[in-house]
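Here is how the chains run, residue by residue.
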Amino acid sequence: MKNILTVIFIICSLYINAQKTSKTNPELSDTTKTVSFLINFDESKMACKDGYAMNGYIVNISYEKAKKLNGKKIKVTGLFTLITGLKNQPKEYDKNGNEIIMQGRLNDIEYINSPTIEIINN
């Protein structure tokens, strides 16, 4: 019994290690970068469904925090992640060959999930 389990374990470990990884160049596959910018925050003009649009980024800020920052000059710092839009993804088809209509943003989004926000006094 021990011999059978040992053989099965060796075969399974060989199959697991034999699979290739999808990442060929880790430098090219990294989509997270640090960004920092200054902006005059206007809650009503910047609000969107995912957060607040600032300098081409979608920044995740709570509604309560946004109300406190309204009208102030702020410095936003954080890691942004590139989220691929529908235009840059391959089209999907159902089994009848009809294109599946997908929901989402058409263009790529640079999204800052946990920003550090500092109020700038002038």
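All of the points below concern the structure found in this document. (Residues numbered from 1 in each chain as written. Predicted model: local features only at pLDDT ≥ 70, side-chain atom pairs only at ≥ 80, totals over all residues. Heavy atoms only, no water.)

To continue, consider unusual backbone geometry. Of note, the phi angle at N55 is positive, near 50°, even though the residue is not glycine. Of note, N55 is situated in the loop between β3 (51–54) and β4 (57–59). Relative accessible area serves as the criterion here: at 48%, N55 is assigned to the partly exposed category. (Helix = DSSP H or I, 4+ residues; strand = E, 2+ residues; numbered from the N terminus. Buried < 20%, exposed > 50% of the residue type's maximum accessible area, 1.4 Å probe, protein only.)

A separate point is the pairing of strand β5 (residues 73–83). A regular strand places its side chains so that they alternate between the two faces of the sheet. By the bridge criterion, four bridges tie β5 to strand β7 (residues 116–119) in an arrangement that is antiparallel. Bridging from a neighbouring strand, V76 pairs with I117 of β7. (Pairing = 2+ DSSP bridges.)

A few words now on the layout of surface pockets. Computed from the structure, the largest pocket encloses a volume of approximately 160 Å³. Together, L86, K87, Q89, P90, K91, E92, E99, I100 and M102 line the largest pocket. Here the residues of the lining of the largest pocket are counted per class, giving four nonpolar, one polar and four charged. (1 Å grid on protein atoms, 1.4 Å probe; cavity = no way out; pocket = protein on both sides within 12 Å on 5 of 7 lines; lining within 4 Å. Points joined across faces, edges and corners; volume = space filled by probe spheres on them. Nonpolar A, V, L, I, M, F, W, Y, C, P; charged D, E, K, R; others polar.)

The next subject is the packing of aromatic side chains. All told, the structure shown has three aromatic pairs when counted by the stated rule. For the pair F37 and Y57, a centre-to-centre distance of 5.7 Å together with 5° between the ring planes defines the contact as stacked. One end of the pair, F37, is in strand β1 (residues 32–40); the other, Y57, is in strand β4, and 20 residues separate them in sequence. A relative accessible area of 14% places Y57 in the buried class. Plain terms: the ring middles of Y57 and F80 are 5.4 Å apart, the flat faces sit at 55° to each other, and that makes the pair tilted. (Phe/Tyr/Trp six-rings, centres within 6.5 Å; stacked < 30°, edge-to-face > 60°.)

A word on the nonpolar core. Counting 17 residues, the largest nonpolar core has F37, F41, M54, V59, I61 and I74 as the members making the most contacts within it. Every element with two or more residues in this core is listed here: β1, β3, β4, α4 (63–69) and β5. (Core = buried A, V, L, I, M, F, W, Y, C linked by side-chain atoms within 4.5 Å.)

What follows concerns the pattern of salt bridges. As enumerated under the stated definition, the model contains two salt bridges in all. Ionic pairing is found between E43 and K67, a salt bridge with its closest N-O pair at 3.5 Å. Of the two residues, E43 sits in helix α3 (residues 43–46) while K67 sits in helix α4, which places them 24 residues apart along the sequence. Classification of E43 as buried rests on a relative accessible area of 10%. With a shortest N-O distance of 3.0 Å, R105 and D50 are connected by a salt bridge. In this pair, R105 is assigned in the loop between β5 and β6 (109–112) and D50 in the loop between β2 (47–48) and β3, connecting sequence segments 55 residues apart. Among the residues examined, R105 registers a relative accessible area of 29% and is labelled partly exposed. (Salt bridge = Lys/Arg side-chain N within 4 Å of Asp/Glu carboxyl O.)

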